[in-house]
Amino acid sequence: SQKAVLISGCSSGIGLAIAVLLAKDEKKRFMVYATMRNLAKQEALVEAAGRTLGQTLEIRQMDVCDEKSIKECVDSLPDRRVDILISNAGLGLVGPIECQSIEEMQSVMNTNFFGFVRLLKEVLPDMKMRKSGHIVVISSVMGIQGILFNDIYAASKFAVEGFCESMAVQAMRFKLHISLIEPGPVITDFEHKVYEEGMKSDMSKVDSVTADMFLNIYMRHWTQIFESLGQTPEVIAEHTLKIITMDNPPFRHQTNTLYTPVTTLKYADPNGDLPIDTFYKVVFEHDKVFSASLNFLKLLRWRSRKSFSSLEKDKS
Ligand code: NAD
């Protein structure tokens, strides 16, 4: 039978790509409720959805920072049924914390963490009652490992991951699944918005060493990192489809095999120093090594494509 899928943040990027991929499923396994905060921004989704609109895809308004809009959206679904919740809406924030207001930081936590919690509070009781449901969160590799100048964003994704780890045991008791999808860099508007906002940061608020570290080291490498490691939203959508159609979906799933060695550093040293020392050396001491390793990663891109095609094979 068809599964009802509720997705947040579908006006662009990963949310849009997931909504469209699931709606176009040949076997029509999904009825997709693609939601967005502002319905005036539905044009790209409408166009990409094509003939699935009104068939296997419906567009609804939902602001994850507004409990009333979440409730109204869920109440509007047949029997309020959500078989698969995909919490995707999110905001990024980069830069030195001296340049960020507490309000900006709170809006990242409010969207990325509480946005998910609000959604879950609305659907969890029904999922428990039915003893079925899959809760999927678009987290990030920054949900397991912090990255320079992404302090608040990483904290928001860590919050999501800590919450889900705590919730997972309870969920198991009700036969519910929870999965954290952890992409590395993905080329979407998100990346552009965050980059532009970062470039606008007011450097007069910060000392010259930090300003130099941010503008001349971090921001200068940003584009290179996305070019060498970046995946497309469509690839993240394929990974998500794979996860939601598994009998025993994993709790964590990283989408980018090129990134795995980086996150592995965390588990290799219980003192936690290894990833921090490695990042420090890569970024500050070996600027040349950093560029060289990026070039090397470009060469390795075929590997991630290859591992993705093997993922395709298991599906068939
Ligand atoms: P995006 O900016 O295209 O998508 C984010 C969406 O969330 C937008 O459509 C935005 O309108 C929506 N949104 C923001 N606040 C909202 C609210 N209050 N209510 C409803 N919707 C709201 O960027 P994306 O890359 O597609 O991001 C999607 C998710 O993927 C985010 O959670 C992000 O943290 C995560 N992610 C992105 C990357 C990346 O590099 N782009 C990497 C890892 C994880």
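Our subject is the structure that appears above.
Reading the values: rules and limits
- Residues numbered from 1 in each chain as written.
- Predicted model: local features only at pLDDT ≥ 70, side-chain atom pairs only at ≥ 80, totals over all residues.
- Heavy atoms only, no water.
- Helix = DSSP H or I, 4+ residues; strand = E, 2+ residues; numbered from the N terminus.
- Contact = heavy atoms within 4.5 Å.
- Near = heavy atom within 4 Å.
- Polar contact = N/O pair within 3.5 Å; in protein donor to acceptor, adjacent residues only side chain to side chain.
- Areas by Shrake-Rupley, 256 points an atom, 1.4 Å probe, with all protein chains shown as cover.
- Buried < 20%, exposed > 50% of the residue type's maximum accessible area, 1.4 Å probe, protein only.
- 1 Å grid on protein atoms, 1.4 Å probe; cavity = no way out; pocket = protein on both sides within 12 Å on 5 of 7 lines; lining within 4 Å.
- Points joined across faces, edges and corners; volume = space filled by probe spheres on them.
- Nonpolar A, V, L, I, M, F, W, Y, C, P; charged D, E, K, R; others polar.
- Pairing = 2+ DSSP bridges.
- Axes fitted to C-alpha atoms, helices over the stretch in contact; angles between N-to-C directions.
- Salt bridge = Lys/Arg side-chain N within 4 Å of Asp/Glu carboxyl O.
- Phe/Tyr/Trp six-rings, centres within 6.5 Å; stacked < 30°, edge-to-face > 60°.
- Right-handed = clockwise from strand over helix to strand, strands pointing away.

Participant: Just to check I follow, could you spell out the side chain of S156 for this structure?
Facilitator: Mapped onto the secondary structure, S156 falls in helix α5 (residues 151-173). If near-sequence neighbours (up to four positions away) are discounted, S156 is found in contact with V108, M109, N112 and F113.

Participant: Any chance you could explain the site of the ligand here in plain terms?
Facilitator: Around the ligand, the structure places 28 residues, and the nearest of them are S12, I14, N88, Y153 and T188. The side chain of K157 places a nitrogen or oxygen atom 3.0 Å from an oxygen atom of the ligand. Coverage of the ligand by the protein chains reaches 96% of its 820 Å² of free accessible surface. Contributions of two or more residues to the shell around the ligand are made by α1 (13-23), α5 and α6 (189-199).

Participant: I keep staring at the side chain of N88 and nothing clicks. Help me out?
Facilitator: Considering the arrangement of structural elements, one finds N88 in the loop between β4 (84-87) and α4 (102-130). Note on N88: relative accessible area 12%, which makes it buried. Each residue touching N88, except ones within four places of it in the same chain, is listed here: I7, S8, G9, I14, G15 and I138.

Participant: What exactly am I supposed to notice about empty space enclosed by the protein here?
Facilitator: To find leftover empty space, one rolls a probe the size of a water molecule over the atoms. Evaluation of the coordinates by the stated rule reveals 1 cavity of 30 Å³ or more. If you add up the space inside the largest cavity, you get close to 30 Å³. Along its surface, the largest cavity is lined by S87, A89, N112, F116, V137, I138, K157 and V160. Contributing elements (two or more residues each) for the lining of the largest cavity: α4, β5 (134-138) and α5. Tallied by class, residues from the lining of the largest cavity come to 5 nonpolar, 2 polar and 1 charged.

Participant: Mind showing me how you'd approach the sheet that holds strand β1 (residues 3-7) here?
Facilitator: The strands that make up a sheet are held in pairs by hydrogen bonds between backbone atoms, and each pair lies either parallel or antiparallel. Read from one edge to the other, the open sheet built from 7 strands follows the order β3-β2-β1-β4-β5-β6-β7, with strand pairing classed as parallel. Only two strands of the sheet have a single neighbouring strand rather than two, namely β3 (57-61) and β7 (252-254). Each adjacent strand pair in this sheet contributes to an overall mean axis angle of 20°, direction not counted. Inspection of the sheet shows β1 paired to β4 by 3 bridges, in the parallel sense. When the bridges of β4 are listed, L6 appears paired with L85. Sheet strands touched by α1: β1, β2 (30-36), β3, β4 and β5. Its angle to β2, the strand with the most contacts, is close to 160°.

Participant: For this particular structure, what's the right way to read the pattern of salt bridges?
Facilitator: Pairs may arise between side chains of opposite charge once their charged atoms sit close together. In the structure shown here, the tally under the stated rule is 12 salt bridges. For E161, the salt bridge goes to R252, with nearest N and O atoms at 2.8 Å. Residue E161 is located in helix α5, and its partner R252 is located in strand β7; the two are separated by 91 residues in the primary sequence. R252 gets classed as partly exposed once you look at its relative accessible area, which sits at 29%. E165 serves as the salt-bridge partner of R252, at 2.7 Å between the closest nitrogen and oxygen. Of this pair, R252 sits in strand β7 while E165 sits in helix α5, and the two are 87 residues apart along the sequence. Accessibility expressed as a relative area gives 44% for E165, which makes it partly exposed. In the salt-bridge network here, residues are joined through shared partners; they are K71, D75, R80, E122 and D126.

Participant: I tried to follow the pairing of β5 on my own but got confused; where do I start?
Facilitator: Each regular strand shows side chains that alternate between the opposite faces of the sheet. Of all 5 residues making up β5, 5 are buried, and the element is well covered by its neighbours. What you see with β5 is no split at all: H134, V136 and I138 on one side and I135 and V137 on the other are buried throughout. Here 4 bridges tie β4 to β5, and the two strands are oriented parallel to one another. Within β5, the residue paired with L85 across the bridge is I135.

Participant: Help me understand the packing of aromatic side chains in this model?
Facilitator: How two aromatic rings sit relative to each other is set out by the distance from centre to centre and by the angle between their planes. For the structure on display, the rule yields 6 aromatic pairs. When the ring of F116 is compared with that of F163, the centres are 5.4 Å apart and the planes differ by 80°; the resulting orientation is edge-to-face. Here F116 is found in helix α4, whereas its partner F163 is found in helix α5, with 47 residues between them in sequence. For F116, a relative accessible area of 1% corresponds to the buried category. The class for F163 is partly exposed, based on a relative accessible area of 21%. Members of the aromatic cluster, connected to one another through ring pairs, are F113, F114, F116 and F163.

Participant: Would you mind showing me how to read the pairing of strand β6 (residues 177-182) here?
Facilitator: For β6, the buried fraction is high: 5 of the 6 residues fall into the buried class. Tracing the backbone out of β5, into α5 and back to the parallel element β6 gives a crossover that is right-handed. Pairing geometry for β6 and β7, over 3 bridges, is parallel. Directly across from I181, in β7, lies its bridge partner H253.

So far we have only geometry, and geometry alone does not tell us how the molecule works.
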